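# Results of the structural survey
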Amino acid sequence: MTTTTAPAAETAATKPLPRQPWNRHLLAIAVLTVLLIPLPLILPPAQASVAVRVLIFALMSIGWNMMSGFGGMFSFGHAAYFGIGAYAGGYLLVEHDVSPWIGMLVGMAVAAAFATLIGFLALRYKLRGAYFALATFAFAEMLRLWATNSEFVNRAVGYHVPLRPESSWWWLQFEPSSANYFWIALGLTVIALVVSVQFVRSRAGQFAKAARDDEDAAAAVGIPVMRYKLLTMALSAAITAVAGAFYVQYFLFIDPDLAFGSSVSIQAILPAVIGGVATIWGPVIGAVVMGPLNDVTATILRNPPPALEFLQGRGGLDVIVYGVLLIIIVLLLPQGIYGALRKRWSRR
Amino acid sequence: MTSASDQDHVAAGNGGGVAALDPDEVRASPARTVPWLRIAVIVALVVVAIVLAYVRAGSSVVVVQAVTTGILIGGVYGLVAMGLTLIFGVLDIVNFAHGSFLALALFLTFGLTQAGLHVYLALAISVPAMFLLGVLVQRGILAGAMGKPLENQLLITLGISLIIENALLLFFGANPRSVALSGDRGVPIFEAVANLSRILAFVGALLLAGLLYLLLQRTRLGTAIRAVAANDTGAQLVGIDTRVIYAVTFALGTACAGAAGTLVAPLVTIEPTTGSLFNIVAFVVVVLGGMGNVVGALVGGLIIGLAEQLGGIYLPGQSPLLSVFIVFVLVLFLRPQGLFRRSA
Amino acid sequence: GTTNGGGGQSGGTIKIGSLHPLSGSSAADGQQMDNGAKLAVEAINNAGGIKSQGGKKLELVSGDTQGKPEVGQSEAQRLIQEGAVGLVGTYQSAVSANVSTVAERNKVPFVIDVSSADSILAQGYKNTFRVQPSSTVLGTAGAQFLDQVAKAAGKPVKKVAVLHEQGPFGTAVRDAFKAEAQKAGITVDPAIAYDAASVSDLTTQVTQVKASGADVLMVAGYYRDGVLAAKAVDTVKPALNAVYGVANGAFDLPQFPKEVGAAGEGYFDANYHADMTKPEMQALAQLYQSKYNDAIRTGAVLAYDSVRVIAAALEKAGSAEPAKVRDAIASGEVPTLIAGPGTIKFGPTGENLNATPILMQVQGGAPKQVFPADKAEAQPTYPAFKSQ
Amino acid sequence: MLKLEGLSAGYHGLQILHELDLRVDEGEIVAIVGANGAGKTTTLKTVSGLVKPTAGTITFDGKRADGVRPSELVSRGLLHVPEGRALFGPLSVEENLRMGGWTRGRKPLDAPLREVFELFPILAERRTQAAETLSGGQQQMLAIGRALMAAPKLLLLDEPSTGLSPKLTWTVLDAVKAIRDKGVSVLLVEQNAAHALNLADRAYVLESGSLVLDGPGPELARDDRVRAAYLGL
Amino acid sequence: MTLLRVENLAKSFKGLRAVDDVSFEVTEGSILGVIGPNGAGKTTMFNLVAGALRPDTGRVHLGGKEITGHAPHRITAAGMTRTFQLMRPFYSMTVLENVTVAVLAGGAAKRTAREAAAEVIARVGLDRWRDSPTEGLPTAALKRLELARALASKPRVLLLDEVLAGLVPAERAPVMELLERLRTEDGVTLVFVEHIMAAVMRLSDSVLVLDLGRVLTSGAPEAVTRDPRVIEAYLGEDPHAQA
Ligand SMILES: Nc1ncnc2c1ncn2[C@@H]1O[C@H](COP(=O)(O)OP(=O)(O)OP(=O)(O)O)[C@@H](O)[C@H]1O
Ligand SMILES: Nc1ncnc2c1ncn2[C@@H]1O[C@H](COP(=O)(O)OP(=O)(O)OP(=O)(O)O)[C@@H](O)[C@H]1O
Ligand SMILES: CC(C)C[C@H](N)C(=O)O
Ligand SMILES: [Mg+2]
Ligand SMILES: [Mg+2]
């Protein structure tokens, strides 16, 4: 068939095709990176460590967003991939003295493979919506329970990363206040962001989005839906695994709960929802907002205004405030911060 | 009216003629038939599982006890899951705060028994009180997020649970409390024993499931709830005020948490976090039973209870929860919509 | 080097960080421990502060770990940032493991009050110390006490069934207990694990114990599951000579007999414990009761002792420089309110060399110290249950 | 019976309907015809309360009806059979119909049920079948039947013949006439303008959210502009 | 030359024979109209042919190769594409993006895909909506989008499920013209389900009538519509002409 011949009569002058935002996203990433590089040199060390935590948060969530946002497959079990990344790094380092960088790559590969397996089963058996979500959750829990009772990964004890006498890039270990941690985390996050931009603009990303919107229609236009869904899941898992692998090297300790616990899965969801699901910037913005929020509420309530003096030191109050803020943000900005902003812009 | 227009999308999707239906969706053609075959298969599988456990354990006492405990505790899981499944089925909310509502009911029950009331009489207060709270929470918070995606609801209810748990901590302190049932003792069942309070909780679960089933199938309110679950635009268009149904359904769900809280009060240590213990299992039960299906929740609870107890025999040294999740995933692969279909 | 150059000299006070689960599922213990630390600071300040530093007063800065390692980690970071020259905490082993790396890397001493996992001190860290006994010490001593008490009663133990939570704590206690018991010729079988975070009934497990014919049931776990175990034992009624906790989070607490009633009578617990025979301890218990309207738990006493460890080191070092405080802790010796053979004194790995448990038994509705004889408030009853 | 004055409405701040004036008298069939996307569905949704008007008034049966919830309007006798039908899929045919009688309260529904079955005998045959397993035409009949159960004074029908076989189209359109003959007013939107105009007592032509013509149905059917634009002749 | 051959196709849902022993052939470049009462099995038959459902028995050959039971995307790649009775756009995308995805799925290079998509859009007369989001698009535009997306994969056979339903008569004419052009200019073979008899009469070379899952009759349009069985089951006795 020839779509190129003879434009139909009803077409008037052809409008120029709309510009696409990808290169602008890449530019924004580049600018932001340059701006952020000096950050750890300015921040006091405590805030610098919050900044590293924010980046880990963002990284996890960028991964989640790829599968659940762009891919439309709601994962409630991203702890599985985070944990695989963390354990791959921890296990190889502690048991076999392998560099965490290699551990990271192995973690990515294993996480991607595991995601492909889960995805294949879940999609093969046509799990959808909440059923799919709970199935992913179940797999993460199975990993947690298995790790807790498996000699192979040191049971519930987990792994301590041995301290090295001196800083080393190869072993990914520096002075705790070293800016290198921030820079590495920043680098990894930037790579993940670029990967997600490239993914979304790629053939695969477009296919994944189409499959999310309507699986049957996607198949009907010729997209091998299963293949691209699995690809999306694998990529998503690999990114989140990087977060896990870095986490272990930064915090020097991992155990089954920290790696595979359900709160990890929630942490992967939180930034994306707060920032904006299925947007490039959502997870990052969400992480920047939610990462320090715990510390902020704790700090405010530790030195309460005189009227509330009696509340000082009462455990739980800061968590209450956190809960209230969480509800308010989600209610007021159901599409997330970036989602709301973008809507604003596009209105104008 | 964004929700009305969103809804239209859905309505157009499921009403526009047979061709709109997912070609692969399996469906029971006539409405409201009891799936006897499925029940028979489930029962048969359970029997096989028990026999295998017996072969494996070699001791009938342990297996009989595991089955007894599994059934009783499964009843409790079902009890907790019932309210959850109702909310899930009608409002499409994954209610993470359910366990906290249960904790609230535990503390309420504790307070009432301290004031001299018998535990089971506390039901007369805890159930209506939790119902009221449910109305307030739905109207006050969740109504603003109706029709929003799963993850938004999830975070909101997570926030609610953080607030409830920590408010309990703040006001009641962290020391564990307990409610004793006078005359609670072990009751022999074949070779096994079970506490009276557990048996009563189980009976309570059966009664509650029966009541909810009757409410949903036989009453005007129940019919309206099912209608809203099936198609809320349609429900509006026959004259049902969906706002009221949403609030009432959520409140019924929390009232179930209230009943569950009071019924399990003698079995558990009462702490602000006690309720969330049940959250994970309850979600599994809800999905297993088929979201929105009250009887499914009860059956799912029993299966999970048995899986947990028998799993300890099959996989010694592994956590019993592992077998719960294995059973869960296997069931999902066989029946991706849960064991029983939503409502109707 | 240290991230805080000045070493906590801000405002004329010296800051000590207290890190405990003030919310979450271990809040009851966490709050007790935080209170214990507060009382220690008050006592030291009332006695004239740190005399070698001109009577400088101590200030306790508290953090809430929520029982989560990652929160503990960031709170530790924050407290050090605020100028804490030493940390005490944290109750959960996983949290302490995380905090110990923070302490090590910032070179700020961290005195563990409660957290039993052996692995924490197996890392060769120089800045982490532990006042309470490790899981291994607890499990080993637990087996010895059981053997001795039973032999003394003329009914040597033949077979012990173990019911333990599946975390690092329960598993390590099980392993140590088993090894030591087998040395004494005791069979240990079966060993049944459960998930403390989610378990809601232990009847089947106790039935397994019953079927195994063991004469003693050893239980290593936390409070809630300890209560469940006691309830299950009451229901199933296995033919046991004793239910024997090792570092059990329930059996040595005053509220345990209140919660389970007569069913808890006779329960043993081999556990680190406040030495109620010491007048100073009795005074502290009274103070705690009047101030917080609650019975003091051993956790609070360990936190109290841990703060005193840091204070003594500040006194000895004559400086609030964390590195010097660390050295002073390592070489110091401090009296304790915990029942044990002597003072708190740390070995090369940071383990308290004099940390041992004692044996408690619920008698007349309250836990009593029953063994070794020099710490005993009452005689152990063995077999523990009259009916047998 | 129904009167729209200066009615405007839209979605998410985007205005679709522009100051409509429209009227339906007792016992009339009134049709709205218009191109795809003209706003026919939106008009019906606004009248039934599913979409909130941004300006103008709706009067139904002498009382204001704008800004009133759909459920309230139903109890006042205004019934809407929407595009897409909005049936209760898993419920049986009979349950769907009984739900239609919701606003009648606890009064027995056997009499109205019998009337619906008389109008659409196929529904009586399928009374225990789940609504979602019916064929397209049966679903349409069920949707109309469900609305009739509420004893409507005014029925809003949105494209009742879409996707129906020619034979079923006639069945449904005959039913509409029968309903009118029982004294129910009907406001009808129909993609098949020829059908609609021949059936209607009066009709309006809607173009881009504004009413541009009105008059007796058969008369409009002869109007050249209408023939060119909507009848494809 | 026969391009599409369907033999003895059957499919049951829980005992209901939705499609029962249906066979037919379509020659290259021809147009086959499929009619039948609601529930006759037309959409199900499309689902079987296009791979969305797996037949219980029977075979489907496309251009001499058997494609029975192949996954839908493979069938599309083999040259046969379908549209959906209810419009199913990719709702998060604009019209252009919808079609671009389909062009990409057809294997086109990324750099030229958008231009190619824009051309298809112009061709089906959707230019006005090209950059609009699909949400809130009028029915007519959505119908054309279905068509555009299907055309984007350059099919040899196009299966159209009620593309004209929901269009007012005036808007049917240009779509019908487009379909005719597809055949004459591009040589696409069309199989379409439609209830609007005017369109069936005008477009079809031959007509297949389904009833209760079986082939009731088939043949030239005029002959089929005079068949009393077709009148009884489908057209009805009404004297009015179909608009
Ligand atoms: N949910 C919605 N959100 C945004 N815009 C909408 C929505 N529904 C409809 N619209 C817009 O309103 C306009 C009118 O739509 P409406 O459905 O009322 O048309 P209609 O006359 O019923 O057309 P059709 O013949 O296609 O059913 C459409 O052009 C569409 O752009
Ligand atoms: N997934 C399914 N499960 C059960 N029955 C089905 C399923 N899909 C279709 N059917 C049944 O198969 C029969 C044929 O349906 P189909 O959709 O093919 O009809 P159709 O000819 O396209 O009708 P219409 O003209 O109304 O679109 C109907 O009776 C329908 O109820
Ligand atoms: C009961 C305690 C000795 C155990 C301690 N809370 C730990 O987690 O290690
Ligand atoms: Mg319309
Ligand atoms: Mg069809």
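Summarised in this report is the structure supplied together with it.

Cut-offs applied
Residues numbered from 1 in each chain as written. Chains lettered and ligands numbered in written order. Predicted model: local features only at pLDDT ≥ 70, side-chain atom pairs only at ≥ 80, totals over all residues. Heavy atoms only, no water. Patch = residues over 30% accessible without salt bridge, like charges linked within 9 Å, V, L, I, M, F, W, Y side chains within 5 Å. Areas by Shrake-Rupley, 256 points an atom, 1.4 Å probe, with all protein chains shown as cover. Salt bridge = Lys/Arg side-chain N within 4 Å of Asp/Glu carboxyl O. Helix = DSSP H or I, 4+ residues; strand = E, 2+ residues; numbered from the N terminus. Axes fitted to C-alpha atoms, helices over the stretch in contact; angles between N-to-C directions. Parallel < 35°, antiparallel > 145°, perpendicular 65-115°, else oblique. Left-handed = near helix turned anticlockwise from the far one by under 90°. Contact = heavy atoms within 4.5 Å. Nonpolar A, V, L, I, M, F, W, Y, C, P; charged D, E, K, R; others polar. Donors = N, O, S within 2.8 Å, 3.2 Å for Na, K, Ca; no water. Buried < 20%, exposed > 50% of the residue type's maximum accessible area, 1.4 Å probe, protein only. Buried area = accessible area lost by both parts, 1.4 Å probe.

### As for a nonpolar patch on the surface
Together, A:V324, A:L325, A:I328, A:L332 and A:L333 make up a nonpolar patch on the protein surface, roughly 390 Å² of accessible area in all. Tracing the chain through its elements places A:I328 in helix α15 (residues 317–332).

### Description of the packing of helix α1 (residues 27–46) of chain C against helix α9 (residues 279–292) of chain C
Relative placement of two packed helices is described by the angle separating their axes and the distance separating the axes. Residue and element names in this part refer to chain C. Relative to each other, α1 and α9 sit at 115°, their axes nearing to 11 Å. Taken together, the axis directions place α1 and α9 in an arrangement best described as roughly perpendicular. The interaxial crossing formed by α1 with α9 has right-handed handedness. Counted together, Q31, Q32, N35, G36, K38, L39 and E42 of α1 and L284, L287, Y288, K291 and Y292 of α9 form the full contact between these two elements. Looking at side-chain class alone, the contact of α1 with α9 contains 5 nonpolar, 4 polar and 3 charged residues.

### Focus on the coordination of the magnesium ion (ligand 4)
Ideal values for angles at a metal depend on the geometry: 109.5 degrees with four tetrahedral donors, 90 or 180 degrees with six octahedral donors. Residue and element names in this part refer to chain D. Summarising the metal site, the magnesium ion (ligand 4) is bound by the protein donors T41 (OG1) and E83 (OE), whose distances to it range over 1.8 to 2.5 Å. Taken together, the residues span a long stretch of sequence, with T41 in helix α1 (residues 40–48) and E83 in the loop between β6 (78–81) and α3 (93–100) at a distance of 42 residues. A relative accessible area of 16% places T41 in the buried class. Residue classification places E83 among the partly exposed positions, given a relative accessible area of 32%.

### Some words on the interface of chain A and chain B
On the side of chain B, 44 residues touch chain A, which itself brings 43 residues to the contact. Across the chain A to chain B interface the summed buried area is about 3,800 Å²; carbon plus sulfur atoms make up 80%. In terms of surface lost to chain B, no three residues of chain A exceed A:Y131, A:L134 and A:I327, which account for 17% of the buried area on that side. Counting across the interface, chain A meets chain B through 0 salt bridges. At the level of elements, α5 (100–124), α6 (129–148), α12 (262–275) and α15 of chain A are the ones that each hand at least two residues to the side of chain A that touches chain B. It is α6(A) that contributes the most residues to the side of chain A that touches chain B, 12 residues altogether. For the side of chain A that touches chain B, the per-class residue count stands at 32 nonpolar, 5 polar and 6 charged.

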